[in-house]
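Okay, here's what each chain looks like letter by letter:
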Amino acid sequence: MEHQSGSFPGVIGVGALVAVAFTAACDTSSSPTALEDPAVAAAVGDENPFGEGGDPSQIDADIVRLCIFFPDEAKGLGPWTFEASADGGDVLAGPFDLDFPEAECREIWNDDGAAGTQTITAELVALHDDLTLDSIATRVGPQDSRPTAVWHFNTSSASIDLPDGQGGTIWFKFSLDEAPPGGGEGCTPGYWRQAHHFDSWEGFDPSDSFDAVFGGNHFPGETLGEVVRARGGGINALARHAVAALLNASSSGVDYDLTTQEVIDAFTAAAAGTRREMNARKDAFDTLNNQGCPLN
């Protein structure tokens, strides 16, 4: 595993996952990541996203915090799933989620009378498809200090050895992946729900059961043709745009960014989540469905 020392930012940008498993691996030939680039440092900004809870860049004795750092464009992709372990003391065992805006840092270890040097480990176990784990930074020091960070590359976990009476932080830094090739077209729910456009439906029929296609029991007895006309927000808005996304993905005449299975999986994950997660996925479908319709 490669380590490199450097200054660690005192405040971080904010943003917010669904699940892809990570496998830890170490690489002794990695170069420093973009965390050290001036452009990234400038993008962090001056706002402290931690509010009255204090600045987690400070070290507190006998406490270890796990923090996340990722671009604003990642908002709505959470939560992030971690595991934590330690040789002694109170441990926040995993898996547990860390999500914007509820928290960007979480206390994962507290001394609770543990003596001697303790080893504390944190691991990312689930990551959104559109994100990459760039690196992990760890810091150990006495209380109220700003110790130098050590960078860990090409790994999904990191450990710190914490001497008695000292504290530490473990920061996970993420970035957005490059947009996949292809795509760039999409028709809106307003297009697909019109009867004179039913001849554009491919692979699915307006009379098909929504729940049979997407799974679950979200709209009992209702068809794709009915749900694509659903009014209102929340699950209705999500489903309305999910049907349009499904038809875009299945159409040979639309160069859509997602496959039909990706649409179904994205709907299923969002429908099982919070209202904020449903709205975020609805907005993502909405954007793709408004890229421009090449049909009729």
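Scroll up a little and you will see the structure.
None of these values were measured; they are calculated from a predicted model.

Q: Give me the lowdown on the overall build of the protein, citing residues and values where you can.
A: Along the backbone of the protein there are seven helices and eleven strands. The proportion of buried residues among the 296 residues of the protein is 46%. With the model as given, the accessible surface of the protein reaches about 13400 Å², and the carbon-plus-sulfur share is 47%.

Q: Now, about the sheet that holds strand 3 (residues 80-86): what can you tell me, with residues and values included?
A: Across a sheet, paired strands are connected by hydrogen bonds in the backbone, their directions being either parallel or antiparallel. Pairing in this open sheet of four strands is antiparallel, and the strands run 5-3-7-10 from one edge to the other. At either end of the open sheet lies a strand with only one pairing partner, and these are strand 5 (96-98) and strand 10 (157-162). Between one strand axis and the next, the sheet turns through 30 degrees on average, direction left out of account. Taken together, the six bridges between strand 3 and strand 7 (residues 118-126) define a ladder with antiparallel strand orientation. Looking at the pairing, Phe 82 lines up with Leu 124 of strand 7.

Q: Provide a residue-level description of the nonpolar core, including the pertinent values.
A: Formed by 32 residues in total, the largest nonpolar core has its most connected members in Trp 192, Phe 210, Phe 214 and Leu 224. Mapped onto this core, the elements with two or more residues apiece are helix 2 (189-192), helix 3 (210-214), helix 4 (224-227), helix 5 (234-250), helix 6 (260-271) and helix 7 (275-289). Broken down by element, this core gets its largest block of residues, eight residues, from helix 5. Here Phe 214 is in contact with Leu 224, Ala 242, Val 243, Leu 246, Val 263, Ile 264, Phe 267 and Thr 268, once residues within four sequence places are set aside. Leu 98, Ile 108, Leu 124 and Ala 158 belong to the second largest nonpolar core, which has 24 residues in total.

Q: Let's hear about the packing of aromatic side chains: which residues, and what values?
A: Taken as a whole and judged by the stated rule, the model has seven aromatic pairs. Ring plane angle 20 degrees and centroid distance 4.5 Å describe the contact between Phe 210 and Phe 214, whose orientation is recorded as stacked. Of this pair, Phe 210 and Phe 214 both sit in helix 3, four residues apart, which is roughly one turn of that helix. The residues Phe 210 and Phe 214 share a single accessibility class, namely buried. Every member of this aromatic cluster is reached through a ring pair, and the members are Phe 210, Phe 214, Phe 219 and Phe 267. The cationic tip of Arg 281 hangs over the ring face of Phe 285; the distance from NZ or CZ to the ring centre is 5.2 Å.

Q: With reference to specific residues and values, describe helix 7.
A: The terminal C-alpha atoms of helix 7 lie 21 Å apart, and with 15 residues this matches the ideal 21 Å at 1.5 Å per residue to within 8%. Those residues of helix 7 that sit buried are Glu 277, Met 278, Arg 281, Lys 282, Phe 285, Leu 288 and Asn 289. Along the axis of helix 7, the buried residues cluster in a sector spanning 135 degrees; they form a single face. What points out from helix 7, more than 90 degrees from its buried face, is the exposed set Arg 275 and Thr 287. In this structure, the buried residues of helix 7 make contact with helix 5 and helix 6.

Q: I'd like a description of the pattern of salt bridges, backed by residues and values.
A: Opposite charge on two side chains lets them pair, provided their charged atoms get close. The full count for this structure, using the stated rule, is two salt bridges. Residue Lys 282 pairs with Asp 283 through a salt bridge whose shortest N-O separation is 2.8 Å. Of the residues examined, Asp 283 reaches a relative accessible area of 39% and is grouped as partly exposed.

Q: Can you lay out the state of the cysteines for me, pointing to particular residues and giving the numbers?
A: In total, this model carries one disulfide according to the counting rule given. Residue Cys 187 pairs covalently with Cys 293 via a disulfide, S to S 2.0 Å. Its S-S torsion of about 80 degrees marks the bond between Cys 187 and Cys 293 as right-handed, since a negative value means left-handed. Of this pair, Cys 187 sits in the loop between strand 11 (167-176) and helix 2 while Cys 293 sits in the segment after helix 7, and the two are 106 residues apart along the sequence.

Q: Describe the environment of Asp 60, naming the residues involved and giving the relevant values.
A: Mapped onto the elements, Asp 60 comes out in the loop between helix 1 (38-44) and strand 2 (63-69). Look at Asp 60 and you get partly exposed, because its relative accessible area is 21%. Taking the C-alpha atoms as reference points, Asp 60 and Gly 167, 107 residues apart in sequence, are found 5.2 Å from one another.

Q: Tell me what's going on with unusual backbone geometry, and back it up with residues and numbers.
A: Even without a glycine there, the phi angle at Asp 62 is positive, about 65 degrees. Along the chain, the position of Asp 62 falls in the loop between helix 1 and strand 2. Residue classification places Asp 62 among the buried positions, given a relative accessible area of 19%. Positive phi outside glycine occurs at Asn 154, with the angle close to 55 degrees. By the element assignment, Asn 154 lies in the loop between strand 9 (149-153) and strand 10.

Rules and cut-offs
- Numbers given to residues run from 1 along each chain, matching the order in which its sequence is written.
- Only residues with pLDDT of at least 70 get local features here, since the model is predicted, and only at 80 or more are side-chain atom pairs given and counted; chain-wide, interface and lining totals rely on the full set of residues.
- The basis for the side-chain values is all heavy atoms of the structure; hydrogens and waters are excluded.
- What counts as a helix is a DSSP run of H or I of at least four residues, what counts as a strand is a run of E of at least two, and both are numbered from the N terminus.
- Each residue is placed in one exposure class: buried if its accessible area under a 1.4 Å probe, protein chains only, is under 20% of its type's maximum, exposed if it is over 50%, and partly exposed if it falls in between.
- In short, Shrake-Rupley with a 1.4 Å probe defines the accessible areas, and a residue's cover is counted only from the protein chains shown.
- In this scheme, strands are said to pair when DSSP sees at least two bridges between them.
- With axes taken as lines fitted to C-alpha atoms, and helix axes fitted only over the stretch in contact, angles between N-to-C directions fall between 0 and 180 degrees.
- Residues enter a nonpolar core if they are buried and are Ala, Val, Leu, Ile, Met, Phe, Trp, Tyr or Cys, with the set joined through side-chain atoms within 4.5 Å.
- Contacts are assigned to residue pairs that have any heavy atoms within 4.5 Å of one another.
- Pairing of aromatic rings covers Phe, Tyr and Trp, the last through its six-membered ring, and needs centres within 6.5 Å; plane angles under 30 degrees mean stacked, over 60 mean edge-to-face, and all others mean tilted.
- Geometrically, a lysine NZ or arginine CZ counts as sitting over a ring once it is within 6 Å of the ring centre and also within 35 degrees of the ring normal.
- A helix is expected to reach a length of 1.5 Å times the quantity of its residues less one.
- The arc in question is traced by the directions running from the helix axis to the C-beta atoms.
- Salt bridge, as applied in this entry: a Lys or Arg side-chain nitrogen positioned within 4 Å of an Asp or Glu carboxyl oxygen.
- Whenever a pair of cysteine sulfur atoms sits within 2.5 Å, that pair is classed as a disulfide.

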